[in-house]
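# Structure assessment
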Amino acid sequence: MSSPVRSTQDRGFILLIVVWMAALFALTTAGFVRAVQAHLRATTVQIQSAHAELLADSGLALVALDLMEHQNFGRQRRFTVNGALFTCLLDDDRLTIRLQDAGGRVNLNSASDRLLQALFVGLGASRLAAGVYAAAIIDFRAPAGELLRANVDKPDYQAAGRRLGPKNAPLDTLDELQQILGLDSAIIEAMSPHITIHSGTAGLDPEATSATLIELLARGAESLAAQQQSQSTGSRLPSEFIVASTQRTYIATVQGELATGASYVREAVIELVPNRNGLPVYKVWKRSTGAPLATGWSDSSPPC
C-alpha cells in the first residue's frame, strides 16, 4: 500500500503535466488561429485586388467601345482625348480614366532634334544638357553610320559596360530608354508622361496635346529661339511642331478603385483599324507602375 505522501506527489506531478499540456494546446490553438486569420486577410486582399483589376479592364473596354463608336458612326466622344481625367461610379466602385490621342505626345522614334531639345528644356534641363539628351536618343535609334554625334557609338557603350551598344533601330518599347547612354532615371521619369512611340507622326496635334505639354514645349522653344508660335490655331504650341494626328492610336490609363481602398491601374495603347467590323488592336497591355490616377474616395462622381 502506497503512502499518502507518495500519492499526493503523484497527483501533483500529473496536475503539472496537465497544466503544461493545456498551455501548449492553448499556444498551438492561438498560433493556428493567427495563421488562419492571416490567410483570410491575404485571401481577402487577393480577392479585392482581382476585383479592382477586373474593374479597370471593364473601364478599358468602355474606352475602346467609345473610340470605335466615334470612328465608325461619328458619335460624340464620351472621353476627351487630350489626357484630361474622367471619373465615374460603377455601383459601389469607382473608375478613373485618362485617354489621350498618341498624336498629342512626342514620338521618340520620329521627333526632330529641335523638338526633343524643346521638351528637355521645358522640363528644366539646361540647353547643353538638352542637346546631350536629344542626341543620345537620336543616336540610339539612328541606323548604324548615321549618328548625330560622331563620338557616340558602340565603343562608348562598351566602355560604359553596355556590350550591345546602341540599338540603331526604332524603339519598340519605352522601357528601352533605360538602355540609352546619357539618359538618367530622373529625366526618364520626367519625360515619361509626354512621350510615345505609337503616334506615327513627327510632331504633335494641338487638339490632342495636354495643356501641360504645350506649355513645356512653348517654354523650351522660346529658350531655344525656335520659330514663332502658330497664330492660325491659337495654340502656344510652336508651329514647327504641329502636325495633324492620324486619330488611330490612343493611350489609355484606367484605375479601378473599390470603396475598401483596393485599386488597380491598367495601361494600354489602343490602335483602331480602318475596317468598321474590325476590333481594336492592343499594342500595349500592362499594369501601371506609376502613381495612381486618383486617391481618396468621393461619391460625387457621375455614374458610368
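Here goes a summary of the coordinates provided. Everything quoted here is computed from the prediction, not taken from an experiment. (Residues numbered from 1 in each chain as written. Predicted model: local features only at pLDDT ≥ 70, side-chain atom pairs only at ≥ 80, totals over all residues. Heavy atoms only, no water.)

### Here we look at the side chain of Asn-107
Mapping Asn-107 onto the fold places it in strand S3 (residues 106–107). Judged by its relative accessible area of 4%, Asn-107 falls in the buried class. Among the polar contacts made by the side chain of Asn-107, one reaches the side chain of Ser-199 at a distance of 3.0 Å. Not counting residues up to four positions away in its chain, the partners in contact with Asn-107 are Thr-196, Ile-197, His-198, Ser-199, Gly-200 and Thr-201. (Helix = DSSP H or I, 4+ residues; strand = E, 2+ residues; numbered from the N terminus. Buried < 20%, exposed > 50% of the residue type's maximum accessible area, 1.4 Å probe, protein only. Polar contact = N/O pair within 3.5 Å; in protein donor to acceptor, adjacent residues only side chain to side chain. Contact = heavy atoms within 4.5 Å.)

### Remarks on the layout of surface pockets
The computed volume of the largest pocket comes to approximately 1,100 Å³. Together, 38 residues line the largest pocket, and Arg-105, Ser-192, Pro-193, Glu-267 and Lys-286 are the ones closest to its centre. Contributions of two or more residues to the lining of the largest pocket are made by strand S1 (82–90), strand S2 (93–101), helix H5 (185–191), strand S4 (195–196), strand S5 (249–257), strand S6 (263–271) and strand S7 (281–287). Top contributing element to the lining of the largest pocket by residue count: S6, with 4 residues. A class-by-class count of the residues in the lining of the largest pocket yields 16 nonpolar, 15 polar and 7 charged. (1 Å grid on protein atoms, 1.4 Å probe; cavity = no way out; pocket = protein on both sides within 12 Å on 5 of 7 lines; lining within 4 Å. Points joined across faces, edges and corners; volume = space filled by probe spheres on them. Nonpolar A, V, L, I, M, F, W, Y, C, P; charged D, E, K, R; others polar.)

### Focus: the side chain of Arg-266
Following the sequence through the fold, Arg-266 ends up in strand S6. Once residues lying within four places of it in the same chain are set aside, the contact partners of Arg-266 are Glu-53, Ala-56, Asp-57, Leu-60, Ala-252, Thr-253, Val-254, Trp-285, Lys-286 and Arg-287.

### Some words on the sheet that holds S6
One open sheet accounts for 5 strands, arranged S1-S2-S5-S6-S7; its pairing is antiparallel. Whereas interior strands pair on both sides, the edge strands pair on one side only; in this sheet they are S1 and S7. Within the sheet, the average angular offset between the axes of one strand and its neighbour, ignoring direction, is 20 degrees. With 9 bridges joining them, S5 and S6 adopt antiparallel strand pairing. Paired with Tyr-250 across the two strands is Ile-270, which belongs to S6. (Pairing = 2+ DSSP bridges. Axes fitted to C-alpha atoms, helices over the stretch in contact; angles between N-to-C directions.)

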